[in-house]
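A closer look at the structure
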Amino acid sequence: MSKQNQKELKKSKKASASKKSSSEKLVEGSQDIIIVDHLSKSFKLPTERSWGLKQAIFNRLKGIKGYTKQEVLKDISFTVKKGEFLGIVGRNGSGKSTLLKILAQIYTPDSGSITVHGSLVPFIELGVGFNPELTGRENVYMNGAMLGFSNEEMDQMFDDIVEFAELAPFMDQKLKNYSSGMQVRLAFSIAIRARGDILILDEILAVGDAAFQEKCNQYFASLDKSQTVILVTHSMENVREFCDRAILIDQGKIIEEGDPEVVADAYLKLFS
Ligand SMILES: Nc1ncnc2c1ncn2[C@@H]1O[C@H](COP(=O)(O)OP(=O)(O)OP(=O)(O)O)[C@@H](O)[C@H]1O
């Protein structure tokens, strides 16, 4: 591995160590593995009137705000039990990915808190943790390091990861030459082989082809209760088949929660 790559590995290991220490707040004997308590998040969106330094100074003097505030999550509370498969559903733009990013400590909430009892493996956005200039092999090691695994641990997992992704012939090619579906396969294989306590999955799986989606579905069906999964999806088939419980978010609020059948019906009603 080149010096530059070793440097990158070191950096990502550091990042992962600090991430772990802040997310792992262990409470003995608790069955709730995630507790989300009165969480709210908004984004400031710059308006045309904020363009340029002159305008910004003028706005400030006049007391004009150069942005509008968009409330994306409003007072969200829920818990996830150890071993539970939780589905999160909602229309485009309802706040699901933002919620996952707060869970994964990519975003900080405006108010409220999140407590996570265990290690969390996020699989949220394609490209996060991947370097297009490195080979598939190097990216596996780098991604593993970001999740807190040593080189030796990754050596043990490597063949298994490549086999699940079905990408053996491509491991020494640069990632920038992979299709987006191939990248998803590699990232998903790393995420599931990493066996964190909690696996967080965004809709991104939909990028994989039919055979890979089927493989993912088989993986979901094979899960025992040692793995907690949070899945954001628009597939009510997946919600009904795999989820123990589901949450429907609309305009940043939970509007239905509980039985996957009931939540899936409520989701479909939004469009009728
Ligand atoms: N970094 C950001 N800056 C500003 N606005 C953002 C940011 N991230 C998300 N938003 C806004 O927050 C709202 C919710 O977005 P989010 O991605 O959480 O929705 P979603 O439910 O995951 O949607 P989809 O089903 O389309 O993936 C959207 O209006 C989006 O434009």
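This text gives an overview of the structure that appears in the document. (Residues numbered from 1 in each chain as written. Predicted model: local features only at pLDDT ≥ 70, side-chain atom pairs only at ≥ 80, totals over all residues. Heavy atoms only, no water.)

1. What about the site of the ligand?
- In the region of the ligand, 14 residues are neighbours, and Gln-70, Gly-93, Lys-96, Ser-97 and Thr-98 sit closest.
- In the environment of the ligand, an oxygen atom lies 2.9 Å from a nitrogen or oxygen atom belonging to the side chain of Gln-70.
- Top element by residues in the shell around the ligand is helix H3 (residues 96-103). It accounts for three residues.
- Tallied by class, the residues present in the shell around the ligand amount to four nonpolar, eight polar and two charged. (Near = heavy atom within 4 Å. Polar contact = N/O pair within 3.5 Å; in protein donor to acceptor, adjacent residues only side chain to side chain. Helix = DSSP H or I, 4+ residues; strand = E, 2+ residues; numbered from the N terminus. Nonpolar A, V, L, I, M, F, W, Y, C, P; charged D, E, K, R; others polar.)

2. Considering the packing of aromatic side chains
- This model, assessed by the stated rule, comprises 13 aromatic pairs.
- Of the aromatic side chains, those joined through ring pairs into one cluster are Phe-85, Phe-123, Phe-164, Phe-188, Phe-212, Tyr-219, Phe-220 and Phe-242.
- Against the face of Phe-271 rests Arg-91, its NZ or CZ located 5.9 Å from the ring centre. (Phe/Tyr/Trp six-rings, centres within 6.5 Å; stacked < 30°, edge-to-face > 60°. Lys NZ or Arg CZ within 6 Å of the ring centre and 35° of its normal.)

3. Some words on the sheet that holds strand E9 (residues 253-258)
- Here we have six strands laid out as an open sheet, ordered E5-E6-E7-E3-E8-E9, and mixed in their pairing. Of all the strands in the sheet, the pair left with one neighbour each is strand E5 (120-123) and E9. In this sheet, adjacent strand axes meet at a mean angle of 15° when their direction is disregarded.
- Here E5 runs beside strand E6 (residues 198-201); their pairing, made up of four bridges, is parallel. By the bridge assignment, Val-121 is partnered in E6 with Leu-199.
- Here helix H6 (residues 180-193) sits on the sheet in contact with E5 and E6, set at roughly 170° to E5.
- Most of the contacts of helix H9 (residues 260-269) go to strand E8 (residues 245-250), to which it runs at about 25°, and overall it touches strand E3 (85-89), E8 and E9. (Pairing = 2+ DSSP bridges. Axes fitted to C-alpha atoms, helices over the stretch in contact; angles between N-to-C directions. Contact = heavy atoms within 4.5 Å.)

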